[in-house]
Amino acid sequence: MSKKVVAATLLGVFLSIGSAPSMAADADTQAQLDALKAAIPKFAIPMREVGDRFQNIWFAAKDGNWALAAYMSKYMNGSLNPAKLTKPDEYAIWKKFYEEKFANVNDKIMAKDFEGFDAAYTKAIADCNGCHKKMDYGFIKVVKMKTPADIGIDYTVKSEPGDVPK
Ligand code: HEC
């Protein structure tokens, strides 16, 4: 055997010794990451929270608890954070919805303008349902509830929209 062949053979042995365990570790780490990701909510679970917080916003604004309205909107948006990881393409559509279309609702909350808010909110319901249709969930049609989703909160506490801690 020439020196070159010996060197190449040894190199091959070293590489296989060196890389086999680390490849196994990588595969194991990847499997664990995949399992973690599979356990993180996609859209359906956070959307329940979106639905509830969305309903609450209206009642908070109606009774002048503007901070509660702003708070509900902030965490309505935040509830979809897991989808950044689990459904990045769909999350991008949500982000655009919240930052562009839903901005009208948020602006009216900040302005404590109930009439303007009410109009923007009604429009938002159509936009929510527009995305459901676009994503083949047209059978999920949001309607405005007659009472808030959460009745364990006092909606009549008077507050300013800027009272929500950062
Ligand atoms: C980016 C598109 C998109 C937007 C915008 C959107 N949704 Fe959804 N929503 C979905 C999808 C997709 C589902 C179905 C979830 C699934 O199966 O993955 C859903 C499901 C729901 C559900 C049913 C959840 C359940 O399983 O009980 C409710 C309630 C809901 N959305 C409310 C809203 C409200 C309220 C808004 C507006 C503030 C809104 N959605 C905006 C995409 C969207």
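About the thresholds
Residues numbered from 1 in each chain as written. Predicted model: local features only at pLDDT ≥ 70, side-chain atom pairs only at ≥ 80, totals over all residues. Heavy atoms only, no water. Helix = DSSP H or I, 4+ residues; strand = E, 2+ residues; numbered from the N terminus. Contact = heavy atoms within 4.5 Å. Areas by Shrake-Rupley, 256 points an atom, 1.4 Å probe, with all protein chains shown as cover. Donors = N, O, S within 2.8 Å, 3.2 Å for Na, K, Ca; no water. Tetrahedral: all angles 85-135°; square planar, octahedral: opposite > 155°, others 65-115°. Axes fitted to C-alpha atoms, helices over the stretch in contact; angles between N-to-C directions. Parallel < 35°, antiparallel > 145°, perpendicular 65-115°, else oblique. Buried < 20%, exposed > 50% of the residue type's maximum accessible area, 1.4 Å probe, protein only. Near = heavy atom within 4 Å. Polar contact = N/O pair within 3.5 Å; in protein donor to acceptor, adjacent residues only side chain to side chain. Salt bridge = Lys/Arg side-chain N within 4 Å of Asp/Glu carboxyl O. Patch = residues over 30% accessible without salt bridge, like charges linked within 9 Å, V, L, I, M, F, W, Y side chains within 5 Å.

Asks: What am I meant to see in the overall build of the protein here?
Replies: Across its full length, the protein carries 7 helices and 0 strands. Element order for the protein, N to C, with α for helix and β for strand: α-α-α-α-α-α-α. When contacts within the protein are restricted to residue pairs at least 6 apart in sequence, those whose partners lie at least 24 apart make up 71%. Accessible area of the protein: about 10800 Å², with a carbon and sulfur share of 63%.

Asks: Is there a simple way to explain the side chain of Ser73 in this structure?
Replies: Within the secondary structure, Ser73 is located in helix H3 (residues 66–78). In contact with Ser73, other than residues within four places in its own chain, are Ile57, Tyr98, Phe102 and Asn106.

Asks: Looking at this structure, how should I read the coordination of the iron atom of the ligand?
Replies: Tetrahedral coordination by four donors places them ideally at 109.5 degrees to one another around the metal; octahedral coordination by six donors ideally gives 90 or 180 degrees. Only Met47 (SD) and His132 (NE2) from the protein coordinate the iron atom of the ligand, and they sit 2.0 to 2.4 Å from it. For the iron atom of the ligand, the 6 donor atoms in the first shell make angles of 84 to 178° at the metal, a pattern classed as octahedral. Of this pair, Met47 sits in helix H2 (residues 44–62) while His132 sits in helix H7 (residues 114–134), and the two are 85 residues apart along the sequence.

Asks: Would you mind going over the packing of helix H5 (residues 88–101) against helix H6 (residues 103–110) with me for this structure?
Replies: For any two helices packed against each other, the geometry comes down to the angle between their axes and how far apart the axes lie. Remark: H5 packs on H6, axes separated minimally by 5 Å, with the N-to-C direction vectors making an angle of 40°. One finds that H5 runs oblique with respect to H6. Where H5 approaches H6, its residues Tyr98, Glu99, Glu100 and Lys101 are matched on the opposing element by Ala103, Asn104 and Asn106.

Asks: Help me understand the environment of Tyr121, please; the structure alone is not making it clear to me.
Replies: Relative to the helices and strands, Tyr121 is located in helix H7. Judged by relative accessible area, which is 1%, Tyr121 ranks as buried. Separated by 17 residues in the primary sequence, Tyr121 and Asn104 place their C-alpha atoms 8.2 Å from one another.

Asks: So what exactly am I meant to see when it comes to the site of the ligand here?
Replies: Close contacts around the ligand come from 16 residues, with Met47, Arg48, Cys128, Cys131 and His132 the closest. Contacts to the ligand include Arg48, whose side-chain N or O atom sits 3.2 Å from an oxygen atom. Of all the secondary structure elements, the ones that give two or more residues to the shell around the ligand are H2, H5 and H7. Broken down by element, the residue count for the shell around the ligand peaks at 5 residues, all from H2.

Asks: Quick question: what am I supposed to make of unusual backbone geometry here?
Replies: A positive phi angle, close to 50°, is found at Lys112, a residue other than glycine. As for its placement among the helices and strands, Lys112 is situated in the loop between H6 and H7. Residues other than glycine seldom take positive phi values, yet Asp136 does so here, at roughly 70°. Looking at the element boundaries, Asp136 is found in the segment after H7.

Asks: Please explain the pattern of salt bridges as it appears in this structure.
Replies: The tally for this structure, following the rule as stated, stands at 5 salt bridges. Residues Arg53 and Glu49 are paired through a salt bridge, measuring 2.9 Å at the closest nitrogen-oxygen approach. Residue Arg53 and its partner Glu49 are both found in helix H2; the two are separated by 4 residues, about one turn of the helix. Since its relative accessible area comes to 32%, Glu49 is described here as partly exposed. The residue Lys112 makes a salt bridge to Glu160 at a minimum N-O spacing of 2.8 Å. Of this pair, Lys112 sits in the loop between H6 and H7 while Glu160 sits in the segment after H7; the two residues are 48 residues apart in sequence, bridging distant segments of the chain.

Asks: Sorry if this is basic, but what is going on with a nonpolar patch on the surface here?
Replies: On the surface, Tyr137, Phe139 and Ile140 cluster together into a nonpolar patch covering about 350 Å² of accessible area. Tracing the backbone shows Tyr137 in the segment after H7. Since its relative accessible area comes to 44%, Tyr137 is described here as partly exposed.

Just geometry here; none of it tells us what the structure is for.
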